Amino acid sequence: MTTAPGLQLVNRDADGVDLAFRADVLAGLAEPQKAIPARWFYDDEGSQLFEDITQQPEYYPTRAETEILTQHSAAIADLIGPGRAVVEFGSGSSVKTPLLLSAIAPSAYVPLDIAGDFLRASSAALAEKFPGLPVLPVEADFMRRVELPAEVADLPKLGFFPGSTIGNMIARTATDLLRSMRETLGESALLLIGMDLVKDEDVLLAAYDDAAGVTARFNLNLLERINRELDADIPVASFAHEARWNDPFARIEMHLVAREDVSFTVSGQRFAMRAGESIHTENSHKFTKRSSQQLLAAGGWEPRARWTDEAKRFSLVLAESRPPRSAP
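Just so we're clear, the structure is a prediction, and the values are computed from it rather than from any experiment. (Residues numbered from 1 in each chain as written. Predicted model: local features only at pLDDT ≥ 70, side-chain atom pairs only at ≥ 80, totals over all residues. Heavy atoms only, no water.)

## Quick word on a negative patch on the surface
Taken together, the side chains of D44, E45, D52 and E224 make up a negatively charged region of the molecular surface. Tallying contributions element by element places helix α2 (residues 44-53) first for the negative patch, with 3 residues. As for its position among the elements, D52 is in helix α2. Taking the relative accessible area as the measure of exposure, D52 reaches 30% and is therefore partly exposed. (Patch = residues over 30% accessible without salt bridge, like charges linked within 9 Å, V, L, I, M, F, W, Y side chains within 5 Å. Areas by Shrake-Rupley, 256 points an atom, 1.4 Å probe, with all protein chains shown as cover. Salt bridge = Lys/Arg side-chain N within 4 Å of Asp/Glu carboxyl O. Lys, Arg positive; Asp, Glu negative; His and termini not counted. Charge placed at Lys NZ, Arg CZ, Asp CG, Glu CD. Helix = DSSP H or I, 4+ residues; strand = E, 2+ residues; numbered from the N terminus. Buried < 20%, exposed > 50% of the residue type's maximum accessible area, 1.4 Å probe, protein only.)

Given below as structure tokens:
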């Protein structure tokens, strides 16, 4: 096993509180429509709950993306070529990441994630599966440019961003992320990115509100995390998970809806909500071929190939880094 102990690039105060987490929560709860960025779902408990979500029968994206990686592995490998350092934005999936690493013969694997314990556990598991492959985890917020380990500085790179996580962001934020990915990976980099597709509303709503209630627990865990880490007293039982389809923006929204009037304190600041008010916790935008290409182009990436599963529910796009330029 050749896993490194990993770099830690998360900014914390003397008590170990993630400063960016606290700032985002306090700012988001002060807004008229309360909102917290979806990336804060993924503490260790949230990361494990998301893995559980992917096993639910209603949640098609993981199965669809796995199908693409399995059925089109030869074509993907031909276009990527061997010897690239794979930089995964988020801790490696126990299913999808090994499929990619097996197909392309990488020179190193660098997972980036803000959930440190989960990152190290998933990195160790992958290192066991791929003896001899350097595994170099970096605990960092990949929403900004990340300094990669010196061991991969001079290697050609492939960014891997599966699961349509890019859909969690509004267009401006997604564009900023794609640009920061380009800066992290450098010139001539490639990016293999999952992008979920527009489909029947009932299928989408079921995927984000499974019958077993795992997605509800995942959503509510955000409040538990705030209580655990930010000296808060949010009455979690007073909130309910709700998934909504927002057609004008082609996205599923997840909300935490107050069942009754509530008040609570977070890091010494007082907040109040009326029954029916919500905290908007996630967007999951769905794409067409045209909208996915427009987003990638805005972020400085030129699509080179695109694959879908047989049912055309999900797409995997391979794009190449391009320097910024003015139209045309």
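## Section: helix α1 (residues 19-29)
An α-helical turn contains 3.6 residues, so a residue and the one three or four places further along point in the same direction. Of all the positions in α1, only F21, V25, L26, G28 and L29 are classed as buried. The arc enclosing the buried residues of α1, seen along the axis, measures out at 170°, which places them on a common side. In this fold, the buried residues of α1 make contact with β2 (34-35), α9 (214-229), β10 (262-266), β11 (269-273) and β12 (278-285). Capping of α1 at its N-terminal end is provided by D18; its side-chain oxygen lies 3.0 Å from the backbone amide nitrogen of A20. (Arc of directions from axis to C-beta. Contact = heavy atoms within 4.5 Å. Polar contact = N/O pair within 3.5 Å; in protein donor to acceptor, adjacent residues only side chain to side chain.)

## Some remarks on the sheet that holds β12
Hydrogen bonding along the main chain pairs the strands of a sheet, whether they run parallel or antiparallel. Taken together, 4 strands build an open sheet; the order of strands is β2-β12-β9-β8 and the sheet is mixed. Of all strands in the sheet, those bounded by a partner on one side alone are β2 and β8 (239-246). Bridge analysis of β2 against β12 gives 2 bridges, and the strand direction is parallel. Note on β12: the bridge partner recorded for K34 is I279. On top of the sheet, α9 reaches β8, β9 (251-258) and β12; it is set at about 60° to β9, its chief contact. (Pairing = 2+ DSSP bridges. Axes fitted to C-alpha atoms, helices over the stretch in contact; angles between N-to-C directions.)

Everything listed is a geometric property; what it means functionally is a separate question.
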